[in-house]
Amino acid sequence: MLAKIALGNVRKSVSDFGVYFLTVMLGVAVFYAFNSMTAQQGVLAFSETQDKMFSLLGMVIGGVSAFVAFVLVFLVVYANRFLIRRRKKEFGLYLMLGMRTGDVVKIVALESLIVGAASLAVGLLVGFGLSQLLLYVTSALFQADVADAAGFAFVFSADALVQTVAVFAAIFVIAAVLNARTVAKAKLIDLLHAEGKSEDMKLTSLPLSLVLFAASIAIIGVSYALLIDNGLMEPSPQFAAATVLVCVGTVLFFYALSGFLLKLVQLARPLYLSGLNMFMLRQLNSKVNTTFASLSIVCLVLFLAITSVCGGIGIRNALVGSIDASTAYSATVSTNFGSYDDETGYVPSDLGEFGEFAKQQNYDAVVGLRSSVQTLGLGDFDALVEGAAQVDLLVDPQDGLTIGDVEQASGLKLTDYAGSAVNNGYEKFPVYVMKLSQVNAALELAGKPALALDAGECAVFSDSDITRSFYEQAIKQGTSLDVSGRAFKLASFHGDTLQTTPVPMNTGSIVVPDDAVPADAAIIQTMLNVQCGSDEDMTAFGEMMSAVSDTNEPNTWPIAMAFTRADVYDQSIGLSTVVSYLAIYLGFVLVVACAAILAIQQLSEASDSAPRYGLLRKLGAPEGMISGSIFVQVLVYFLFPLALAVAHSCCALAVVTDVVAVFGHLDIAETALVCAACFLAVYGAYFAVTFFGARRLAFAGK
């Protein structure tokens, strides 16, 4: 009997359960799809490096899923509060008719079980489809073919299924227990009169609202200025202050918003008195004023979601976009022989016997590596290498060139061009010197035209977006630099990457004629670029260099890093995919959470306001006018948290762009537009469900 009543209640209250069903269904689908991703390793032809990166992705997704589960618990419990509040009078009638409290609790539990099971089943079906889509997205991102000969494979993860069912079963149990507790503890009189209760207004003074609203705008503006001026490259008190101020400003904004809107429209008297505007504004004033705390949290969470998704996908695009430019060679082998800055001067690296061996080879990497391979019996070095070009980054131990010297010579400041992307004390960073002959050999090896310098000229090479504009402006101004006592005019800028590397690493090096390099110049870093005849030779060369790097044999060349083109592709694509999936996973869940909270609040308010809408109909207000009023109220309620979150995100993304510049070039506009379209699709779906649900509740008593 109780099960029949519960099933009947669910059938007649399908629209009431709409937001609850949609939220749980989406949560189940996304939770299963992302947690099933580790099963893709069995059907995608990953390389060894890609397999490691995908295992890392699985670990990260697993950790993030714990946070997602917490968010979903909050969402389901919050949605259940609306359903229980909406039906308290119904429960009171059950008790008046003689039903025991325990039976009412059982009915509530059965209803939760029915809706939960249905949403879980539908969510899993959608999740199965989404996991298939993610399989082919992963295949495209990793450039890994589906292992099946037909190019199709069905991915199913029993572990993800069990985990999803277990997590959501636990969520439903928690929700059922809390629902039962609410119904069991409620008094009959409270249940019967629940619809008559309303929340108290928090702020009733319109002049104070205007003052607080102006203060909130000022506080948010100060937080933006602090963030833009100090950036994200390193923690600082200013960053902490900006974080606190933006939170305080957001809370004040929504605390005072309703009074500000009311006063603003009242100034336009004809508009205020037109149609149902007076009623609508009073409704909004009541809604926003009593829920300012939740609106503030929703706004800040939307801000976090937008920024994380745009930033994450931006890093992915920057990494992938720089791959071609940073893989001109089959492989690059690097060795660090020292370091330099303004305070410590030149400090040689302690390489021990390995350093002595390099010195004996006259710091010739080809000679040293060929000898090392022979010593270790690793094969024929020359059989794998078709061509090689060594580039040394040099510095005058007595008077090395620094970025501060370039600033002084040009009259420019790097921070005016790079913003917050540079750390404090950047002026001490060295600007290395490269020999023209070595640079031209490296350019020729990459199939690029040689560099020509006239007498008294030098060129700048930098593959980093951070310093590009700075050096280009210095060249336009005809800047001359002192290199070991000789003046050289900056003649040209070149963004070529003279090594194979996962991320741009050269923030500025000066190319001068060989005879301009002092005899006692110290080598900071040696980069040996090689071209191999085939992918197989490239792989074999990488393994050969790994063996040289790992050996303890003293008569071998010291290797700090060795990257092949395949290594860079696998690492860059793997890391970018991990970042992208993490950003999308978190962003989607947070947007759903925010939209669901707003929807539930609006539906609850519409249910409470049903008698007011009934009175408007009795007074002769057309249904179209009432529907328009409801539409505007829901729109404003959804729009203002999103609008302020977008404003916060625009400021943050301006700074995030500086950070992403470390990984490569980023077109933040394109990324932001794609993310905005995806966000609006989810947000808009909840808006539509909320509007039609609120409209139905408003006309329920017709």
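Residues numbered from 1 in each chain as written. Predicted model: local features only at pLDDT ≥ 70, side-chain atom pairs only at ≥ 80, totals over all residues. Heavy atoms only, no water.

Draft legend 1. Spotlight on the overall build of the protein. If you tally the helices and strands in the protein, you get 24 helices and eleven strands. Of all intrachain contacts in the protein linking residues separated by at least 6 positions in sequence, the fraction that spans at least 24 positions is 85%. Approximately 30,500 Å² of the protein is accessible, and the part contributed by carbon and sulfur atoms is 62%. (Helix = DSSP H or I, 4+ residues; strand = E, 2+ residues; numbered from the N terminus. Contact = heavy atoms within 4.5 Å. Areas by Shrake-Rupley, 256 points an atom, 1.4 Å probe, with all protein chains shown as cover.)

Draft legend 2. Region of the structure containing the side chain of N529. Take N529: it is sitting in strand β10 (residues 522–532). Residue classification places N529 among the buried residues on the basis of a relative accessible area of 0%. Within the local environment of N529, its side chain forms a polar contact with the side chain of T332, the two groups lying 2.7 Å apart. Those residues within four positions of N529 in sequence are excluded, and the remaining contacts are Y329, A331, T332, G387, A388, A389, V391, A442, L445, L498, Q499 and T500. (Buried < 20%, exposed > 50% of the residue type's maximum accessible area, 1.4 Å probe, protein only. Polar contact = N/O pair within 3.5 Å; in protein donor to acceptor, adjacent residues only side chain to side chain.)

Draft legend 3. Up close: the side chain of S462. For S462, the position within the fold is in the loop between β6 (457–461) and α19 (465–476). In this structure the side chain of S462 is engaged in a polar contact, spanning 2.8 Å, whose partner is the side chain of T467. The contacts of S462, once residues within four sequence positions are left out, are T467, F493, H494, G495, N506, T507 and G508.

Draft legend 4. Just the state of the cysteines, in detail. One pass over the full model with this rule turns up zero disulfides. Free cysteine: C299, not disulfide-bonded; nearest cysteine sulfur from C594 at 9.0 Å. The thiol of C650 is not disulfide-bonded; the next cysteine sulfur, from C651, is found 8.8 Å away. (Disulfide = S-S within 2.5 Å.)

Draft legend 5. Summary view of helix α22 (residues 610–618). What α22 keeps buried is the set Y613, G614, L616 and R617. Axial view of α22: buried residues confined to an arc of 155°, hence all on one face. Away from its buried face by more than 90 degrees, α22 exposes P611 and K618. Of the residues flanking the end of α22, it is G620, one or two places downstream, whose phi is positive at about 100°. (Arc of directions from axis to C-beta.)

Draft legend 6. Broad picture of the packing of helix α14 (residues 365–376) against helix α20 (residues 535–550). One can describe the packing of α14 onto α20 by two numbers: an axis separation of 10 Å at closest approach and a directional angle of 80°. It follows from the interaxial angle that α14 and α20 lie roughly perpendicular. Where α14 approaches α20, its residues L369, S372, V373 and L376 are matched on the opposing element by M544, M545, A547 and V548. For the contact of α14 with α20, a count of residues per class yields seven nonpolar, one polar and no charged. (Axes fitted to C-alpha atoms, helices over the stretch in contact; angles between N-to-C directions. Parallel < 35°, antiparallel > 145°, perpendicular 65-115°, else oblique. Nonpolar A, V, L, I, M, F, W, Y, C, P; charged D, E, K, R; others polar.)

Draft legend 7. Geometry of the packing of aromatic side chains. Applying the stated criterion across every chain, the model contains 14 aromatic pairs. An angle of 80° between the planes, with centres 5.0 Å apart, marks the rings of Y32 and F128 as edge-to-face. Within this pair, whereas Y32 is found in helix α2 (residues 18–35), its partner F128 is found in helix α5 (residues 101–142), the two being separated by 96 residues in sequence. Relative to F172, the ring of F168 has its centre 6.3 Å away and its plane inclined at 50°; by these criteria the two rings are tilted. (Phe/Tyr/Trp six-rings, centres within 6.5 Å; stacked < 30°, edge-to-face > 60°.)

Draft legend 8. Local environment of helix α18 (residues 436–445). Extensive coverage of α18 is indicated by the burial of seven of its ten residues. Along α18, the residues that are buried comprise L436, Q438, V439, N440, A442, L443 and L445. Remark: G447 follows α18 within two positions and exhibits a positive phi of approximately 75°.

Draft legend 9. Seen up close, the nonpolar core. With 100 residues, the main nonpolar core has F168, Y585 and Y686 as its most contacted residues. Ranked by residue count, the leading element in this core is helix α21 (residues 565–608), at 16 residues. Excluding anything up to four places from it in sequence, Y686 contacts V19, L22, T23, L26, V592, A595, A596, A599 and F638. (Core = buried A, V, L, I, M, F, W, Y, C linked by side-chain atoms within 4.5 Å.)

Draft legend 10. Unusual backbone geometry, seen in detail. The phi angle at N362 is positive, at roughly 60°, despite the residue not being glycine. When its relative accessible area of 64% is taken as the criterion, N362 is described as exposed.

Draft legend 11. Structural view of the pattern of salt bridges. For the structure shown, the criterion picks out four salt bridges. Where D382 meets R370, a salt bridge forms, and the shortest distance between an N and an O atom there is 2.9 Å. Placement of the pair is D382 in helix α15 (residues 381–384) and R370 in helix α14, with a sequence separation of twelve residues. What makes D382 partly exposed here is its relative accessible area of 41%. Overall, R370 belongs to the partly exposed group, its relative accessible area being 27%. Close ionic contact of R468 with E472 constitutes a salt bridge, the shortest N to O distance being 3.2 Å. Of this pair, R468 and E472 both sit in helix α19, four residues apart, which is roughly one turn of the helix. (Salt bridge = Lys/Arg side-chain N within 4 Å of Asp/Glu carboxyl O.)

Draft legend 12. Representation of the packing of α21 against α22. In the contact formed by α21 and α22, the axes pass within 4 Å of each other and the chain directions differ by 55°. If you check the angle between α21 and α22, you find them oblique. Judged by residue contacts, E605, A606, S607 and D608 of α21 engage A610, P611 and R612 from α22. The residue makeup of the contact of α21 with α22, split by class, is three nonpolar, one polar and three charged.

Draft legend 13. Region of interest: the pairing of strand β8 (residues 486–494). The pairing of β6 with β8 spans five bridges and is parallel. Counted as the bridge partner of F461 is H494 from β8. As paired elements, strand β7 (residues 480–483) and β8 share four bridges and run antiparallel to each other. Bridging from a neighbouring strand, S480 pairs with K489 of β8. Between the end of β7 and the start of β8, which pair antiparallel, lie two residues, with S484 showing a positive phi angle near 55°. (Pairing = 2+ DSSP bridges.)

Draft legend 14. Expanded view of a nonpolar patch on the surface. Together, F631, L635 and L639 give the surface a local cluster of nonpolar side chains, amounting to about 240 Å² of exposed area. Turning to its location among the elements, F631 is positioned in helix α23 (residues 623–660). (Patch = residues over 30% accessible without salt bridge, like charges linked within 9 Å, V, L, I, M, F, W, Y side chains within 5 Å.)

Draft legend 15. Looking closely at empty space enclosed by the protein. Applying the stated criterion across every chain, the model contains five cavities of 30 Å³ or more. Empty space within the largest cavity amounts to approximately 100 Å³. Lining the largest cavity are 14 residues, with V395, D396, V433, V483 and S484 positioned closest to its centre. Residue composition of the lining of the largest cavity, grouped by class: nine nonpolar, two polar and three charged. (1 Å grid on protein atoms, 1.4 Å probe; cavity = no way out; pocket = protein on both sides within 12 Å on 5 of 7 lines; lining within 4 Å. Points joined across faces, edges and corners; volume = space filled by probe spheres on them.)

Distances and angles like these do not, on their own, reveal function.
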